[in-house]
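# Understanding the architecture of this molecule
So you can see what is in the structure, the chains are spelled out below.
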Amino acid sequence: MEEMHQVAIAAKDPASGRQFSSQVSILSAMELIWNLCEILFIEVAPAGPLLLHLLDWVRLHVCEVDSLSADVLGSENPSKHESFWNLVTVLVLQGRLDEARQMLSREADASPTSAGMCRILGDLMRTMPVLSPGNTQTLTELELKWQHWHEECERHLQDGTFASSPHLESLCKIMLGDEAALLEQKKLLSNWYHFLVTRLLYSHPTVKPMDLYFYAQSSLDLFLGGESSPEPLDNILMAAFEFDIHQVIKECSIALSNWWFVAHLTDLLDHCKLLQSHNLYFGSNMREFLLLEYASGLFAHHSLWQLGVDYFDYCPELGRVSLELHIERIPLSTEQKALKVLRVCEQRQMTEQVRSICKILAMKAVRNNRLGSALSWSIRAKDAAFATLVSDRFLRDYCERGCFSDLDLIDNLGPAMMLSDRLTFLGKYREFHRLYGEKRFVDAASLLLSLMTSQIAPRSFWMTLLTDALPLLEQKQVIFSAEQTYELMRCLEDLTSGKPVCGEPDPQRLQDDDVETTKVEMLRLALARNLARSIIKEGSLEGS
Amino acid sequence: MFVARSIAADHKDLIHDVSFDFHGRRMATCSSDQSVKVWDKSESGDWHCTASWKTHSGSVWRVTWAHPEFGQVLASCSFDRTAAVWEEIVGESNDKLRGQSHWVKRTTLVDSRTSVTDVKFAPKHMGLMLATCSADGIVRVYEAPDVMNLSQWSLQHEISCKLSCSCISWNPSSSRAHPPMIAVGSDDSSPNAMAKAQIFEYNENTRKYAKAETLMTVTDPVHDIAFAPNLGRSFHILAIATKDVRIFTLKPVRKELTSSGGPTKFEIHIVAQFDNHNSQVWRVSWNITGTVLASSGDDGCVRLWKANYMDNWKCTGILKGNGSPVSGSSQQGSSNPPLGSNVPNLQNSLNGSSAGRYFFPPLDSPRAGSRWSSYAQLLPPPPPPLVEHSCDADTANLQYPHPRRRSLSRPLNPLPENEGV
């Protein structure tokens, strides 16, 4: 917030300067409310400490005094500084009597005429009874002492001790809790809750929590003096002083356009089990409601959605299903983002969402002809049908172009190969090519054969497989055994016998048939030759 | 806090429908100029028209996107008695550079004898399926058994509604607890016609759609109908755009109490009825989670409705079609919806949909504050408030936040608008 303040001041153009300033205002207002709620609802400070907490609260949030102090003390002659008395007054208003005394002693040094009065006032300041933490005195003792001190101040005022110095006299009046004197300092007080706390400090230091509201209301009225009406912030603070949590949350929701603050405040109060005790039986529902609203809002942002995920996790009833609905809709502009989204889903066992997202990506890849990408997404989606489809496309590509695309992917399928038969075939077929390339012909041969006999290979592909077998058959050495050759021949017969003769053959078909017939003849020849050679080889003594 | 942006659509006639895709990054518009335009949202948030083509030989009434699991697919329906399915073809590289894409027609559905008034894809768990409804009162359900082949669609069901249909909605719930449901609305103006909203449910045994319920209280012409997404509720929520905005809940009555094998019986309750538009309400649309409903009306406004955690529905925002602020309390039922002055070829079409404006994109669905206030940060300081105060001052329940603009001068403590995350 400090930074934003600096930026606001340094802003080049008024528009953004205004924007930053308003941000700062909103954040400081939120902090103000939050701290007050902490004091009243969570700490539940009793009479006595209550005032001390409220004093701290005011000191924290009305902080012009620091800059003022720096100004005055930094000057050559502090006590002659034009804001000197303002500073002293503010210090008194905030109950910082030690510092005020120090200021007064400077004044005493500087002007001997008023030294005596300053000393007396300083003494009064020093002797004001305060409840210090760890002090064992009871409230009644404190009250008694305070009453005596109050009377002493009163006496000094009556005697006219400070009559010759209007400043000192008004300070004394303030310390007596004189409302008129306090109201004169409206500008220094700057807001009604400061007025309230100062008033309480100097007139009812042992105020009980339940009486706070009464004083708050009158302070607000006196301060505003009928000139202006309460702002939303005032309403919120007033509701807090009334200990009406529900009202606080409601007013905050209305005033702030954003669920962040109320969601977190309600969550905190719920954790402190305060929502129930304050008779809000719908307490935890409201907490979840607000958290869901906030998280939903986050999902609209291109990167803050990740925070939203965590918030949904903490909503026991509707968090999961809300997350499921939202996470599917995140636009997957980059692969990185897609992977992030998928990780979130997988961590939460949202299998349907994983499947759906992967399917969307796979489909996109197929449409863009990026088969490798499509395949990897369908594997991740465990979508067997789609994997089959993509594998078919791969094989078709191979048939047309004679080579594979995305070899890396196919080579490294691993156990994912088992997802679909077609995919397994694709993987194995690629393996066959690899073996062939490594000249491990015997292995390649048996793999090829197993591909056909195990029915993994689609029938449409058999011709290609058999054609692939040709070079193996033509090798100098005998690769296929007799047994294997018989198998191959059987496959060939299976394939060719299944061809129906239908209708009028057109020229294209005749041509195709020609090519087919040639191929088949070549195969038959090669197979026969191989058979012969293998029989001989197996039959002779050296070979085995 | 809402900000309106207008887009010069360049349609040569009234725009009848606007539809966002699943992710909210693409938009399709259709018009009486017989064409459909597809718009893409760039990284910077601007919308560019990437395709524009003639789709029918009559006014195109509705256009809708299929789930992206099926690819980039659109369906349109028209006065020319047909519905069509379109698929985007990945273009040549120079097309991509120019930012253009091509859509090809995959199939034309010609079974209707009258104007086809609505077309909607079924939820994705039902496969690639769509329903059309026509002025002749028949709802037709088509299916494409092979999702990779969009040219093969078969007519699976013809459901007779006996009244001229104007709109349909599939129940998006994928729960196995209930069978597929279609809600059909009718704008039949003949005096005899009574209930104008019906619910049809698929029966596993007869393998047909049968009428499950008729909403007897809806007697005025229905312009739009929409099931809300289901967050795991056991009951359904249905919104209807008629002479006012109505929200119904449908609670399935336990099966044992009804004759087994028949359609489910529902307990129907109306949970909200709003006449704030003070005129015909033309469209209703839900956000992703079914928690916010948007409605548009002949008063040129879009209103947002939300239920608080006590399930009381309230108006949580009003947007004026041309982006101007909504004045005080009186809402004139304007018969002349305001024209967008900076969008010369557009008129606020008769059905009141905020033509060419930010209608109701799924991701941008107005949830409280933060989404829109992030807009306020991106754009120059927002114009004077577009959002009116809440319509009902009910202090008993938690209000949905509606930011009020105040001019505040005190430095540290005022609470001006939003702009917060």
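Treat the numbers as computed from the prediction; the structure is a model and nothing was measured.

## Quick look at the overall build of chain B
Secondary structure assignment for chain B yields 2 helices and 24 strands. The burial tally for chain B puts 60% of its 421 residues in the buried class. For chain B, long-range pairs separated by at least 24 residues make up 49% of all intrachain contacts whose partners lie at least 6 apart in sequence. Of the roughly 17000 Å² that chain B leaves accessible, carbon and sulfur atoms contribute 50%.

## Quick notes on the sheet that holds strand β14 (residues 181-186) of chain B
Residue and element names in this part refer to chain B. Judged by pairing direction, the sheet is antiparallel, and its 4 strands sit side by side in the order β13-β14-β15-β16 without closing on themselves. Each edge of the sheet is formed by a strand with only one pairing partner; in this case those strands are β13 (165-170) and β16 (208-214). With direction set aside, neighbouring strand axes in the sheet form an average angle of 30°. Two strands pair when backbone bridges link them, and β14 and strand β15 (residues 197-203) are joined in this way by 5 bridges, in the antiparallel orientation.

## Structural notes on the UniProt feature "repeat: WD" (unreviewed entry) in chain B
All names here are of chain B. In this structure's numbering, the residues bearing the UniProt feature "repeat: WD" (unreviewed entry) are residues 8-40 and 274-306. In the segment residues 8-40, helix accounts for 0% and strand for 55%; the C-alpha atoms at its two ends are 14 Å apart. The span residues 274-306 shows a helical share of 0% and a strand share of 58%, and its end C-alpha atoms are spaced 12 Å apart.

## Digging into the packing of aromatic side chains
Inspection of every chain in the model, using the stated rule, returns 29 aromatic pairs over all chains. Ring plane angle 40° and centroid distance 6.0 Å describe the contact between F195 of chain A and F223 of chain A, whose orientation is recorded as tilted. Highlighted residues: F195 of chain A in helix α12 (residues 192-203) and F223 of chain A in helix α13 (residues 212-224), separated in sequence by 28 residues. On the basis of an interplanar angle of 65° and a centroid distance of 5.3 Å, the ring pair of Y436 of chain A and F441 of chain A is categorised as edge-to-face. You can call Y436 of chain A partly exposed: its relative accessible area is 28%. You can call F441 of chain A buried: its relative accessible area is 12%. The ring centre of F223 of chain A lies 5.5 Å from the NZ or CZ of K186 of chain A, which sits over that ring. Cation over ring: K251 of chain B sits above F235 of chain B, and NZ or CZ is 4.6 Å from the ring centre.

## Re the packing of helix α2 (residues 14-43) of chain A against helix α14 (residues 232-241) of chain A
Residue and element names in this part refer to chain A. Here α2 crosses α14 at 10°, and the two axes come no closer than 10 Å. Comparing the axis directions of α2 and α14 gives the class roughly parallel. Across from A29, L32, I33, L36, L40 and F41 in α2, the residues of α14 making contact are L233, I236, L237, A240 and F241.

## A word on the packing of helix α15 (residues 245-255) of chain A against helix α16 (residues 260-271) of chain A
All names here are of chain A. Between α15 and α16, the shortest axis-to-axis distance is 9 Å and the interhelical angle comes to 165°. When the axes of α15 and α16 are compared, the pair comes out roughly antiparallel. Crossing geometry of α15 relative to α16 is assigned as left-handed. Side by side, α15 and α16 meet where I245, V248, I249, C252 and S253 of the first sit next to F261, V262, L265, T266 and L269 of the second. Along the lines of polarity and charge, the residues of the contact of α15 with α16 split into 8 nonpolar, 2 polar and no charged.

## Structural notes on the pattern of salt bridges
Residues and elements named next belong to chain A. Tallying each qualifying case throughout the model produces 40 salt bridges over all chains. A salt bridge links R422 to D392; the nearest nitrogen and oxygen atoms lie 2.4 Å apart. Placement of the pair is R422 in helix α26 (residues 421-437) and D392 in helix α24 (residues 384-401), with a sequence separation of 30 residues. Using a relative accessible area of 30% as the deciding quantity, one classes D392 as partly exposed. Its salt-bridge partner being R524, residue E493 comes within 3.1 Å of it at the nearest N-O pair. Linking E493 in helix α29 (residues 482-497) with R524 in helix α30 (residues 507-539), this pair joins segments that are 31 residues apart in sequence. Accessibility expressed as a relative area gives 39% for E493, which makes it partly exposed.

## Section: α26 of chain A
Residues and elements named next belong to chain A. Along its 17 residues, α26 runs 24 Å from first to last C-alpha, staying within 8% of the 24 Å computed at 1.5 Å per residue. Taken residue by residue, α26 has L423, T424, F425, L426, G427, Y429, R430, F432 and L435 as its buried positions. In the core, the buried residues of α26 are packed alongside α23 (371-381), α24, α25 (407-411), α27 (441-453) and α28 (459-473). After α26 finishes, the residue K439 shows a positive phi value of roughly 65°.

About the criteria used
- Residues numbered from 1 in each chain as written.
- Chains lettered and ligands numbered in written order.
- Predicted model: local features only at pLDDT ≥ 70, side-chain atom pairs only at ≥ 80, totals over all residues.
- Heavy atoms only, no water.
- Helix = DSSP H or I, 4+ residues; strand = E, 2+ residues; numbered from the N terminus.
- Buried < 20%, exposed > 50% of the residue type's maximum accessible area, 1.4 Å probe, protein only.
- Contact = heavy atoms within 4.5 Å.
- Areas by Shrake-Rupley, 256 points an atom, 1.4 Å probe, with all protein chains shown as cover.
- Pairing = 2+ DSSP bridges.
- Axes fitted to C-alpha atoms, helices over the stretch in contact; angles between N-to-C directions.
- UniProt positions renumbered as here; feature names shortened; annotations may be inferred.
- Phe/Tyr/Trp six-rings, centres within 6.5 Å; stacked < 30°, edge-to-face > 60°.
- Lys NZ or Arg CZ within 6 Å of the ring centre and 35° of its normal.
- Parallel < 35°, antiparallel > 145°, perpendicular 65-115°, else oblique.
- Left-handed = near helix turned anticlockwise from the far one by under 90°.
- Nonpolar A, V, L, I, M, F, W, Y, C, P; charged D, E, K, R; others polar.
- Salt bridge = Lys/Arg side-chain N within 4 Å of Asp/Glu carboxyl O.
- Expected span 1.5 Å × (residues − 1).

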